[in-house]
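Chain residues, written in single-letter form:
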Amino acid sequence: MKLLVKAPAKINLSLDVLHKREDGFHEVEMIMTTIDLADRIELQLIEKDEIKIISHNRFVPDDQRNLAYQAAYLLKERFKVNKGVAITIEKIIPVAAGLAGGSSDAAAVLRGLNQLWDLGLTIDELAEIGAEIGSDVSFCVYGGTALATGRGEIIEELPAAPTCWIILAKPFIGVSTADVYRRLQLNRITHPNTRAMIEAIENGDYEGVCSYVGNVLEDVTFSLHPEVAQIKDQMKRFGADAVLMSGSGPTVFGLVHHDSRMQRIYNGLRGFCDQVFAVRMLGERHKLD
Ligand SMILES: C[C@](O)(CO)[C@H](O)COP(=O)(O)OP(=O)(O)OC[C@H]1O[C@@H](n2ccc(N)nc2=O)[C@H](O)[C@@H]1O
Ligand SMILES: Nc1ncnc2c1ncn2[C@@H]1O[C@H](COP(=O)(O)OP(=O)(O)OP(=O)(O)O)[C@@H](O)[C@H]1O
């Protein structure tokens, strides 16, 4: 038996850090939304009682370091499943890019194996299990648009953000999320206005969304990799309505309303970025069926 599951990337429309916690993680307030840039995951039941990862991307581990493996392992152990699965990952989302590629693969495996192994878990239960794998996995289990708090695993659904083009530009570098959080200087933060962003989303106010984007991790990554700040400046100069780094970076995204301007920015960036995409937001939560 075989199942195909989509694993969409996320962007952070805003990312605030409130304080550092006793457990070493940071207390965050993030507005996240899924976008139409997705890995494709194929799950196939196999005879042998093992978890097999197949990926043709040299940056993606094919063993227990893979978050998709960890998702399958958690379900298998917890629910005493004695069936094997082969997980083939067709990687479309850039790796270590701030787009939650690995987390989304793990979330897709949780949703898919819930079906394939007939576990009958609710989406909330899957999200709770996801939090054991990584802070972004719970959000990825749900998808859509949400406020994420705690270390990122407490999810409150929001209405879909006003629709527009998302232009993504990733320079040829990877960023370590742990390193960026470690270097963050909490006393130097200018906090984004998360409440105003939520209100703008609830009112379908595109200009409001554009004016309240903010990410406190930007300055850390900019100081480590000045080319990320340069891409942000370029995208602004080409005329994006709002520009922000996603997560811990290095991917920078621009919000753009008009098709013609999207095309101009896309063409302009392709000259000097490793990867450039123009996609839409997904808007809707995943459905379990
Ligand atoms: C930057 C974001 O991607 C924004 O969505 C997330 O906050 C990070 O999510 P993630 O990559 O799933 O993070 P995890 O795999 O749970 O953690 C990676 C490392 O980032 C740091 N980390 C992560 C989340 C958080 N709220 N505080 C942290 O300090 C911790 O050092 C942790 O060891
Ligand atoms: N399924 C996977 N896809 C990609 N990378 C994975 C996967 N599983 C584990 N990894 C490892 O995780 C590291 C970070 O990759 P990932 O693409 O998930 O980062 P990210 O998009 O920055 O994540 P986030 O936005 O959640 O911080 C990679 O360098 C890779 O070694």
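These figures come from a predicted structure and were not determined experimentally.

Enquirer: Outline the side chain of Lys170, supporting the account with residue identities and numerical values.
Expert: Considering the arrangement of structural elements, one finds Lys170 in strand 7 (residues 165-170). We classify Lys170 as buried; its relative accessible area is 7%. At 3.4 Å, the side chain of Lys170 forms a polar contact with the backbone oxygen of Ile173. Beyond its immediate stretch of four places on either side in the chain, Lys170 contacts Pro94, Val95, Ala97, Pro250, Thr251, Cys273, Asp274 and Gln275.

Enquirer: Let's hear about the packing of helix 1 (residues 67-78) against helix 2 (residues 101-116): which residues, and what values?
Expert: Two quantities define a packed helix pair, namely the angle between the helix axes and the distance between the axes. Relative to each other, helix 1 and helix 2 sit at 30 degrees, their axes nearing to 7 Å. Comparing their axes, helix 2 and helix 1 come out roughly parallel. Relative to helix 2, the crossing made by helix 1 is right-handed. Counting all contacts with helix 1, which are made through Leu67, Ala68, Ala71, Ala72 and Leu75, the residues of helix 2 involved are Gly102, Ser103, Asp105, Ala106, Val109, Leu110 and Leu113. A class-by-class count of the residues in the contact of helix 1 with helix 2 yields nine nonpolar, two polar and one charged.

Enquirer: Requested: an account of the pattern of salt bridges, with residues and values cited.
Expert: With the rule as written, the count across this model stands at 17 salt bridges. Of the charged contacts, one joins Asp39 and Lys91 as a salt bridge, the two residues approaching to 2.5 Å between their closest N and O atoms. Separated by 52 residues along the polypeptide, Asp39 in strand 2 (residues 26-46) and Lys91 in the loop between strand 4 (84-90) and helix 2 bring together distant segments of the chain. Since its relative accessible area comes to 18%, Lys91 is described here as buried. Its salt-bridge partner being Lys76, residue Asp49 comes within 2.4 Å of it at the nearest N-O pair. With Asp49 in the loop between strand 2 and strand 3 (51-55) and Lys76 in helix 1, this pair connects stretches of sequence that are 27 residues apart.

Enquirer: Outline the UniProt feature "domain: GHMP kinase C-terminal" (unreviewed entry) in the chain, supporting the account with residue identities and numerical values.
Expert: Mapped onto the present numbering, the UniProt feature "domain: GHMP kinase C-terminal" (unreviewed entry) falls at residues 197-273. Taken end to end, residues 197-273 is 57% helix and 14% strand, and its two terminal C-alpha atoms sit 29 Å from one another.

Enquirer: Describe in detail the site of ligand 1, supporting the description with residues and values.
Expert: Neighbouring ligand 1 are 19 residues, the closest being His26, Ser135, Asp136, Arg151 and Tyr181. In the environment of ligand 1, an oxygen atom lies 2.6 Å from a nitrogen or oxygen atom belonging to the side chain of Ser135. Here an oxygen atom of ligand 1 sits 2.6 Å away from a polar atom, N or O, in the side chain of Asp136. For ligand 1, whose accessible area on its own is 640 Å², the fraction buried by protein is 80%. Counting residues per element, the ones that place at least two in the shell around ligand 1 are strand 1 (2-20), strand 2 and helix 5 (177-183). If one sorts the elements of the shell around ligand 1 by residue count, strand 2 sits on top with four residues. The residue makeup of the shell around ligand 1, split by class, is seven nonpolar, nine polar and three charged. When residues of the shell around ligand 1 are sorted by domain, at least three fall in each of domain 1 (2-158) and domain 2 (165-280).

About the cut-offs
- Residues numbered from 1 in each chain as written.
- Chains lettered and ligands numbered in written order.
- Predicted model: local features only at pLDDT ≥ 70, side-chain atom pairs only at ≥ 80, totals over all residues.
- Heavy atoms only, no water.
- Helix = DSSP H or I, 4+ residues; strand = E, 2+ residues; numbered from the N terminus.
- Buried < 20%, exposed > 50% of the residue type's maximum accessible area, 1.4 Å probe, protein only.
- Polar contact = N/O pair within 3.5 Å; in protein donor to acceptor, adjacent residues only side chain to side chain.
- Contact = heavy atoms within 4.5 Å.
- Axes fitted to C-alpha atoms, helices over the stretch in contact; angles between N-to-C directions.
- Parallel < 35°, antiparallel > 145°, perpendicular 65-115°, else oblique.
- Left-handed = near helix turned anticlockwise from the far one by under 90°.
- Nonpolar A, V, L, I, M, F, W, Y, C, P; charged D, E, K, R; others polar.
- Salt bridge = Lys/Arg side-chain N within 4 Å of Asp/Glu carboxyl O.
- UniProt positions renumbered as here; feature names shortened; annotations may be inferred.
- Near = heavy atom within 4 Å.
- Areas by Shrake-Rupley, 256 points an atom, 1.4 Å probe, with all protein chains shown as cover.
- Domains from an automatic or database assignment.

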